[in-house]
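Fold and contact review
Single-letter residue listing:
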Amino acid sequence: MTPNEVLEYAKSNGVKQLDLRFTDIPGLQHHISYPISELDEGAFEDGFGIDGSSIRGWAAINESDMLLIPDASTALIDPFMTQKTLVMIGNVIDPITRQHYVRDPRWIARKAEMYLQNSGVGDTAYVGAEAEFFIFDNIRFDQDQHSGFYFIDAEEGRWNSGRSENNLGYRPRYKEGYFPVPPTDHYQNLRAEMVETMIACGLNIECHHHEVATGGQCEIDQRFDTLVKSADNMMTYKYVVRNSAQKHGKTVTFMPKPLFADNGSGMHTHQSIWRGGKPLFAGDGYAGLSDTALWYIGGLLKHARALSAIIAPTTNSYKRLVPGYEAPVNLAYSRRNRSAACRIPMYSASPKAKRVEFRPPDPSANPYLAFAAMLMAGLDGVLNKINPGEPLDKDIYDLSPEEMKSVPSMPASLDEALNCLEADHDFLLKGDVFTEELLEAFIDYKRKNEADAVRLRPHPYEFSLYYDI
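Presented here is an overview of the structure given in this document. (Residues numbered from 1 in each chain as written. Predicted model: local features only at pLDDT ≥ 70, side-chain atom pairs only at ≥ 80, totals over all residues. Heavy atoms only, no water.)

A few words on the overall build of the chain. Along its length, the chain carries 14 helices and 18 strands. Against the 2.2 N^0.38 benchmark of 23 Å for 469 residues, the chain shows a C-alpha radius of gyration of 23 Å, consistent with a compact globule. Projected onto its principal axes, the C-alpha positions of the chain cover 65 × 60 × 45 Å. In the structure as shown, the chain presents an accessible area of about 21300 Å², 50% of it carried by carbon and sulfur atoms. A gap of 4 Å separates the mean positions of the 47 positive and 64 negative side-chain charges of the chain. (Helix = DSSP H or I, 4+ residues; strand = E, 2+ residues; numbered from the N terminus. Rg over C-alpha atoms; globule rule 2.2 N^0.38 Å. Areas by Shrake-Rupley, 256 points an atom, 1.4 Å probe, with all protein chains shown as cover. Lys, Arg positive; Asp, Glu negative; His and termini not counted. Charge placed at Lys NZ, Arg CZ, Asp CG, Glu CD.)

As structure tokens, then:
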């Protein structure tokens with residue numbers, strides 16, 4: 001919609017409130033609301049003022065004033081608010097220079113799209129991300145100087161929980177939750193409600209199903225879209241999933257690995273590049289790929305260890321990225337093989353369906369930064385014709401130790417991932433998409449507030465291991 005169309009849309013729908021949203025560097029969405037009378041055509045030029053210093057990883061207190069400029073193309077009606085509310089994403093602008101704020105993740109994603117167009121490789125990057133999540137009944141956690149705990153209560157859990165009713169019938173066994181019909185799949189109705197709400201918000205949904213883990217692990221698949229739009233859609237997706245669950249007295253987490261001894265949640269990301277309305281990844285090479293697609297895979301694999309800090313950006317991410325839980329620890333590519341970091345889906349022979357699925361990302365990632373970083377790595381592969389090596393069509397987890405020596409792997413911790421990003425990030429700086437200043441702020445924030453914070457605290461299991469040492 002154009003600004004005028006948004007104003008007419010708000011009037012014809014009886015909108016009472018305006019809600020402007022934006023995303024911080026770690027990936028949490030924020031919002032500020034106004035009476036709809038505050039929105040006029042001038043607001044799409046002049047914007048609304050906010051304090052940027054109170055947002056994680058953003059401006060210092062002495063340069064805190066920021067503007068949110070509504071993006072009319074993102075307008076939708078909030079499906080959860082009591083008062084009819086119009087939602088739009090705001091682009092973050094420096095009020096002095098009137099330039100885009102360099103730490104606005106959405107601006108970074110937009111710059112990645114522009115870099116692609118200027119590179120001569122293609123004009124459109126399509127992204128389709130599959131974010132998995134868990135639905136729990138209750139979550140409790142706390143940490144202080146002398147105690148620390150978490151407690152998960154899930155009606156699908158295989159454990160005896162704190163619920164008064166502990167009937168273990170029709171609950172998925174560990175690693176056996178893939179595609180069972182109700183009543184073993186407890187959340188068919190809730191997922192269907194989530195899907196209908198997403199469709200009402202403008203998302204294009206392909207399917208939904210129970211995932212492999214017990215404890216209510218689910219997946220709802222969106223249709224691919226352009227890079228920035230896909231990141232916008234992922235933020236709406238998370239908002240709808242969380243609020244739909246909340247409405248039914250449930251709680252959702254996108255943590256990569258909330259349950260010990262069961263599968264974690266990934267965000268497998270399908271990627272392709274097009275030019276002039278034609279797909280560039282289809283060809284007569286391995287798995288029906290073009291040279292462009294193979295070089296793109298070469299870039300993803302070459303920079304995967306650096307990418308890990310952005311696409312698997314939490315300490316918990318590296319509880320998921322371990323062998324034995326279908327997680328792509330090893331950096332290789334293959335058709336159909338889900339144990340490889342890069343998989344080439346073979347469902348369709350259509351050139352339009354030819355794409356690369358990169359499997360290490362998880363849903364704790366900021367989608368704007370993650371999608372942009374993966375595109376930059378892939379483009380580096382294309383522009384430098386990086387050979388991805390030979391495909392690995394065996395089950396990677398069945399390889400001998402000798403065979404495994406030649407297969408590189410993902411980092412084992414967030415600390416290691418941040419070190420890799422420090423050592424290898426020049427490909428992100430091309431076209432001024434990412435900046436040194438932004439990456440330094442990201443690494444510093446993650447080290448201080450997450451990696452070091454977890455490293456300094458005793459772990460509950462350490463008491464089992466060492467109390468009587």
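There is more to say after this.
Here we come to the side chain of R21. Mapped onto the secondary structure, R21 falls in strand β1 (residues 17-23). You can call R21 buried: its relative accessible area is 8%. Side chain to side chain, R21 and D78 meet in a polar contact 2.7 Å long. Once you skip the residues sitting within four places of it in the chain, R21 turns out to touch Q29, H30, H31, D78, V87, M88, I89, G90 and Y239. (Buried < 20%, exposed > 50% of the residue type's maximum accessible area, 1.4 Å probe, protein only. Polar contact = N/O pair within 3.5 Å; in protein donor to acceptor, adjacent residues only side chain to side chain. Contact = heavy atoms within 4.5 Å.)

The next thing to look at is the nonpolar core. In this structure, L86, F133, Y237 and F434 are the most contacted members of the largest nonpolar core, which totals 119 residues. When residues in this core are grouped by element, the largest group, twelve residues, is from helix α9 (residues 367-383). Ignoring any residue separated from it by four or fewer positions in sequence, one finds F434 in contact with I108, I310, L369, A372, A373, L428, L429 and L439. (Core = buried A, V, L, I, M, F, W, Y, C linked by side-chain atoms within 4.5 Å.)

Pairing is possible between side chains of opposite charge, provided their charged atoms come close. Taken as a whole and assessed by the stated rule, the structure comprises 18 salt bridges. Note that K430 and D380 form a salt bridge whose closest N and O atoms lie 3.8 Å from each other. Here the residue K430 occupies a position in the loop between α12 (426-429) and α13 (436-455), and D380 occupies one in helix α9, the gap between them amounting to 50 residues. Since its relative accessible area comes to 37%, K430 is described here as partly exposed. Residue K446 pairs with E450 through a salt bridge whose shortest N-O separation is 3.1 Å. Of this pair, K446 and E450 both sit in helix α13, separated by four residues, roughly a single helical turn. E450 shares its class with K446; the two are buried. Linked through salt bridges whose partners overlap, the residues forming this network are D19, R21 and D78. (Salt bridge = Lys/Arg side-chain N within 4 Å of Asp/Glu carboxyl O.)

This part is about the environment of L428. As for its position among the elements, L428 is in helix α12. Through-space distance from the C-alpha of L428 to that of Y187 is 40 Å; in sequence the pair is 241 residues apart. For L428, the residues in contact, after removing those within four places along its chain, are I310, A373, M376, L421, V433, F434 and L439.

Turning our eyes to something else, we now look at the packing of aromatic side chains. Per the stated rule, a full pass over the model turns up 13 aromatic pairs. Centroid distance Y126 to F224: 5.2 Å. Interplanar angle 75°. Geometry classified as edge-to-face. With Y126 in strand β7 (residues 124-136) and F224 in the loop between β11 (217-222) and β12 (225-226), the pair connects residues that are 98 residues apart, well separated along the chain. Of the residues examined, F224 reaches a relative accessible area of 35% and is grouped as partly exposed. (Phe/Tyr/Trp six-rings, centres within 6.5 Å; stacked < 30°, edge-to-face > 60°.)

Another point: a nonpolar patch on the surface. Side chains of Y461, L465, Y466 and I469 sit close together on the surface and give an oily, nonpolar patch of about 500 Å² of accessible area. One can find L465 in helix α14 (residues 460-466). (Patch = residues over 30% accessible without salt bridge, like charges linked within 9 Å, V, L, I, M, F, W, Y side chains within 5 Å.)

In this section: the side chain of D104. Locating D104 in the fold gives a position in the loop between β6 (85-93) and α3 (105-119). Despite its burial, D104 pairs with no opposite charge, the nearest such side chain being R110 at 6.5 Å. If sequence neighbours within four positions are ignored, D104 has contacts with T23, W58, N91 and V92.

Attention shifts here to a negative patch on the surface. A surface patch of like charges, here negative, comprises E38, D40, E41, E45 and D46. Mapped onto the elements, D46 comes out in helix α2 (residues 43-46).

The next point concerns unusual backbone geometry. Backbone geometry follows two general trends: most residues other than glycine have a negative phi, and most peptide bonds adopt the trans configuration. P182 connects to P183 through a cis peptide bond whose omega is 10°. Within the secondary structure layout, P183 lies in the loop between β9 (148-153) and α4 (188-200). One non-glycine residue, A261, lies in positive phi territory at about 70°. When you line up the elements, A261 lands in the loop between β13 (251-253) and β14 (267-275). Although it is not a glycine, K385 adopts a positive phi angle of roughly 50°. Structurally, the position occupied by K385 is in the loop between α9 and α10 (401-404). For K385, a relative accessible area of 56% puts it in the exposed group.

On to the pairing of strand β10 (residues 205-210), then. Here β10 runs beside β11; their pairing, made up of five bridges, is antiparallel. Bridge pairing in β11 links I205 to Q222. (Pairing = 2+ DSSP bridges.)

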